[in-house]
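So the chains spell out like this:
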Amino acid sequence: MTEPALAVEGLRKAFGGLTATDDVSLDLRAGEIHALIGPNGAGKSTLIGQIAGWIAPDAGRVRLAGRDVTGLGVAERARLGLGRSFQVSSLAAPLSARRNVMLAAQAREGSSFRFWRQVRRDRALVAAAEAALARVGLAGRGNVPTAELSHGERRLVEVACALALGPKALLLDEPMAGLGAEGSGALADLLETLKAEAPILLVEHDMDAVFRLADRVSVLVAGRVIASGPVAEIRADPEVRRAYLGED
Amino acid sequence: MDKTREMVASVVLLAALAGAALWADAAGEPFYVNLASRVAILGLAGVGLNLALGFGGMVSFGHAAFFGLGGYACGIIAWHAGNYEPILTWPFEVEGTDRMPPIWGVAALVCGLAAAAIGALSLRTSGVYFIMITLAFAQMIYWFAISWPAYGGEDGLSIYVRNGFPGLDTYDALSFFGIAFGALLVALAVSGRLLGSRFGAALTMARLNPVRLATAGIDPFPVRLTGFVISAVITGWAGALYADLNGFVSPTMLSWHLSGELIVFVILGGVGRLVGPVAGAAAYVLLETFVGGATERWPLILGLALLGVVLFARGGIMGALAGRARHD
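Residues numbered from 1 in each chain as written. Chains lettered and ligands numbered in written order. Predicted model: local features only at pLDDT ≥ 70, side-chain atom pairs only at ≥ 80, totals over all residues. Heavy atoms only, no water.

1. So, the interface of chain A and chain B
This is how the line gets drawn: Between two residues, a contact is recorded if the distance between any of their heavy atoms is within 4.5 Å. Buried area is understood as the total, over both parts, of accessible area removed when two parts are fitted together, assessed with a 1.4 Å probe. Every case where a carboxyl oxygen of Asp or Glu lies within 4 Å of a side-chain nitrogen of Lys or Arg is listed as a salt bridge.
Residue-level contacts link 37 residues of chain A with 28 residues of chain B. Interface of chain A and chain B: buried area, both sides summed, is about 2,900 Å²; carbon and sulfur atoms make up 61% of it. Summed over the three residues of chain A that lose the most area to chain B, namely A:Leu103, A:Phe113 and A:Phe115, the buried surface amounts to 21% of that side. Our count for the chain A to chain B interface comes out at three salt bridges.

Below is the structure:
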């Protein structure tokens, strides 16, 4: 068996008396969308924070394509191919969409400590950014300041930023949030095609989207993974229905 | 379109400064030539600070440290040259010099090293803590200069013979202005180029959204630290020129008042506008000279102007001349 793109092993994190992440293990295999669901306060954000490198776990390991990245910072993990989008769009609003994406391409392409050559004439960077924007369906919108883009377009720019890194794994935190039916449908189609390029760990509230898109689902409740498996199995799991879907 | 407007406004401003110096020289008024040199040098110091404050988002309240260190580098080296006493005798002998270029080199080196040390510690904090830590470091250097008697302590250090520059008579007011103005143009060109580079893109993002910068695979800390060091080197260069302009360097150049004045130049001229600090320094020097000639209470006018800028015209003078800053 090949190494999973992303693996979380026995991760634990407590804040004072509150155990936010309680012995969580999960993995992300090539070509799949693995959805992470759970009620509010289940510890999804803390888990994502530990995978991305913002929060140091108390115990456990994070591996990216077989490499232990537990001790590495956010930027280093990104350079190793962990692409990420945020629950609330995090872009530089005054800059154009292209500039936002070019920055990610810049990190992939080598050092940021180059002081003379002007980036706007750097064909490799511009081309990489344009390619990523085209990939998410934003060809021709590159010049628009991010602040003037629609909410849905900003979500897509974030995905383009993640793609420009040349990701080995994508960590998408509620990408559908706040999108209309049309917008989330388009994004779902995009994610379907992206997963072949880089598998996706998808944190999502929209259950329809999860059950449509995901190959596997893990359910997080009170910091623990209470169930993990193919969609059909999770849908039928009585414990999941009780804990999460509000049925008994 | 706004980019060209800012370019035009910048060129006009710089041409006005050079024109004022030429006109004053032709009219036989070296006092006003020196005033133009003062604007160019303080503007240069502000251009340095603007790189950290305006473009990198690092609100340093301690840039007087670099201005003063540059000044003292100039004063001390010239003092040794004037007294024929070597600066170092061990492990090897280092003589003083009375030439500007090597003095500038030493000033840049000293300021760069100081900024690397100060930045490495200060940049672990942000916001108001960063402001306070940079202030604290500058005050430490200030008090050290006051209590170190070897180079004049509180009384400062005179530079009896203005340092030379190959091919120019530096005592000629217009020639000295030419040197200061040339330094300003070099700093502006280098800053402009830098901001358009990959490093500039990273520095800009470190200000706008450090989370995005890290997520894009670039660690903000070394980017900020490098920006802080370059900023300090430019401000230090201005300090060395200022010491030569006045023929004197004292702890005043290191005081927190000066850090504040540099921030005033940047805010008055337009935060994050390349030529903004020059406009700010010009406005400050004009107020000080002409309003200050009429009333001691000129800082009141300055205060009102600053209040007006902060409340109603965030872009400062450059914003008024060239509209809002735009990115491409």
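The structure having been displayed, the exposition proceeds.
2. Describing the pattern of salt bridges
All names here are of chain A. Applied cut-off: Each helix corresponds to a stretch of at least 4 residues labelled H or I by DSSP, and each strand to a stretch of at least 2 residues labelled E; elements are numbered beginning at the N terminus. The classification of residues rests on relative accessible area computed with a 1.4 Å probe and restricted to protein chains. Under 20% of the type maximum is buried, over 50% is exposed, and intermediate values are partly exposed.
Applying the stated criterion across every chain, the model contains 20 salt bridges over all chains. Arginine 63 is the salt-bridge partner of glutamate 9, the closest N and O atoms lying 3.0 Å from each other. Of this pair, glutamate 9 sits in strand β1 (residues 6-15) while arginine 63 sits in strand β4 (residues 59-64), and the two are 54 residues apart along the sequence. The partly exposed category is assigned to glutamate 9, whose relative accessible area is 29%. According to the relative accessible area criterion, arginine 63 is partly exposed, its value standing at 22%. Salt-bridge contacts for lysine 195 lead to glutamate 192; the nearest nitrogen and oxygen are separated by 3.8 Å.

3. Focus on the domain arrangement of chain A
All names here are of chain A. Quick note on the threshold: Each domain's extent is set by a domain assignment, obtained either automatically or from a database. Throughout this description, a polar contact denotes any pair of N or O atoms lying within 3.5 Å of each other; where both atoms belong to protein, one of them has to be capable of donating a hydrogen while the other can accept it, and for residues adjacent in sequence the pair is counted only when both atoms sit in side chains. Following the grouping adopted for this structure description, the nonpolar residues are Ala, Val, Leu, Ile, Met, Phe, Trp, Tyr, Cys and Pro, the charged ones are Asp, Glu, Lys and Arg, and the polar ones are all others, Gly among them.
When the domains of chain A are assigned, the result is domain 1 (1-81 + 167-248) and domain 2 (93-166). Computed from C-alpha coordinates alone, the two centres of domain 1 and domain 2 are separated by 26 Å. Approximately 1,100 Å² of surface area, both sides summed, lies buried where domain 1 meets domain 2, with 67% of it carried by carbon and sulfur atoms. Applying the counting criterion to the domain 1 and domain 2 interface returns one salt bridge. Where arginine 135 meets glutamate 197, a salt bridge forms, and the shortest distance between an N and an O atom there is 2.3 Å. Taken together, domain 1 and domain 2 are joined by three residue pairs in polar contact (both at pLDDT 80 or more). The set of elements that each furnish at least two residues to the side of domain 1 that touches domain 2 consists of α2 (74-79), β7 (169-173) and α6 (181-194). The element contributing the most residues to the side of domain 1 that touches domain 2 is α6, with four residues. Looking at the side of domain 1 that touches domain 2, its residues break down into nine nonpolar, three polar and five charged.

4. A short note on the packing of aromatic side chains
Residue and element names in this part refer to chain B. Applied cut-off: When two rings of Phe, Tyr or Trp (its six-membered ring) have centres within 6.5 Å they constitute a pair, described as stacked for plane angles under 30 degrees, edge-to-face for angles over 60, and tilted for the intermediate range.
On inspection of all chains with the given rule, the structure shows 18 aromatic pairs over all chains. Ring geometry for phenylalanine 31 versus tyrosine 32: centroids 5.1 Å apart, planes at 80 degrees, classification edge-to-face. Owing to a relative accessible area of 49%, phenylalanine 31 belongs among the partly exposed residues under this scheme. Classification of tyrosine 32 by relative accessible area gives partly exposed; the value is 30%. Pairing tyrosine 32 with phenylalanine 290 gives two aromatic rings, centres 6.2 Å apart and planes at 5 degrees, and the pair type is stacked. With a gap of 258 residues between them, tyrosine 32 in helix α2 (residues 30-55) and phenylalanine 290 in helix α11 (residues 276-294) connect regions that are remote in the sequence. By relative accessible area, which is 46% here, phenylalanine 290 ends up partly exposed.

5. A word on the sheet that holds strand β5 (residues 67-68) of chain A
All names here are of chain A. Test applied: At least two bridges found by DSSP between two strands is the condition for calling them paired. Axes here refer to lines fitted to C-alpha atoms; in helices the fit is confined to the stretch in contact. Angles between the N-to-C directions go from 0 to 180 degrees.
The four strands are arranged β2-β1-β4-β5 in an open sheet whose pairing can be described as antiparallel. Since the sheet does not close on itself, it has two edges, and those belong to β2 (18-28) and β5, each with one partner. For β1 and β4, the ladder comprises five bridges, and the chain directions are antiparallel. Across the sheet, residue valine 8 finds its bridge partner in β4, namely valine 62. This element, helix α1 (residues 44-52), spans β1, β2 and β4 of the sheet and lies at about 120 degrees to β1.

6. Regarding unusual backbone geometry
All names here are of chain A. The backbone of aspartate 23 sits at a positive phi, close to 55 degrees, despite the residue not being glycine. The backbone phi angle of alanine 65 is positive, close to 50 degrees, even though this residue is not glycine. When you line up the elements, alanine 65 lands in the loop between β4 and β5. Judged by relative accessible area, alanine 65 falls into the partly exposed class, the value being 39%.

7. Observations regarding the UniProt feature "transmembrane region" (unreviewed entry) in chain B
Residues and elements named next belong to chain B. Worth spelling out the cut-off: UniProt positions are given in the numbering used here, feature names are shortened, and annotations may be inferred rather than shown by experiment.
According to UniProt, the "transmembrane region" (unreviewed entry) feature falls on residues 36-57, 64-82, 102-121, 128-151, 171-190, 221-242, 262-287 and 299-322. Taken as a whole, residues 36-57 contains 91% helix and 0% strand, while its terminal C-alpha atoms sit 29 Å from one another. Spanning residues 262-287, this segment combines 77% helix with 0% strand, and its end C-alpha atoms are found 15 Å apart.

8. Observations regarding the environment of A:Gly183
Structurally, A:Gly183 can be placed in helix α6. In the structure, A:Gly183 is positioned 30 residues away from A:Glu153 in sequence and 9.0 Å away in space, judged by C-alpha atoms.

9. Some remarks on the pairing of strand β8 (residues 200-203) of chain A
Selection rule: When the strands point away from the viewer, a crossover counts as right-handed if the path from the first strand over the helix to the second runs clockwise.
The side-chain alternation of β8(A) yields two buried faces, one formed by A:Ile200 and A:Leu202 and the other by A:Leu201 and A:Val203. Running through α6(A), the crossover from β7(A) to the neighbouring parallel element β8(A) is right-handed.

10. Re the pairing of strand β9 (residues 216-221) of chain A
Residue and element names in this part refer to chain A. The buried count for β9 comes to five of six residues, which makes it a mostly enclosed element. Note that strand β3 (residues 33-37) and β9 share four bridges and pair parallel. Looking at the pairing, histidine 34 lines up with arginine 216 of β9. Summarising the sheet, β9 and strand β10 (residues 224-230) pair through six bridges and their orientation is antiparallel. Bridge pairing in β10 links valine 217 to glycine 229. Counting the residues between successive antiparallel strands, the hairpin from β9 to β10 contains two residues, one of them, alanine 222, with a positive phi of roughly 50 degrees.

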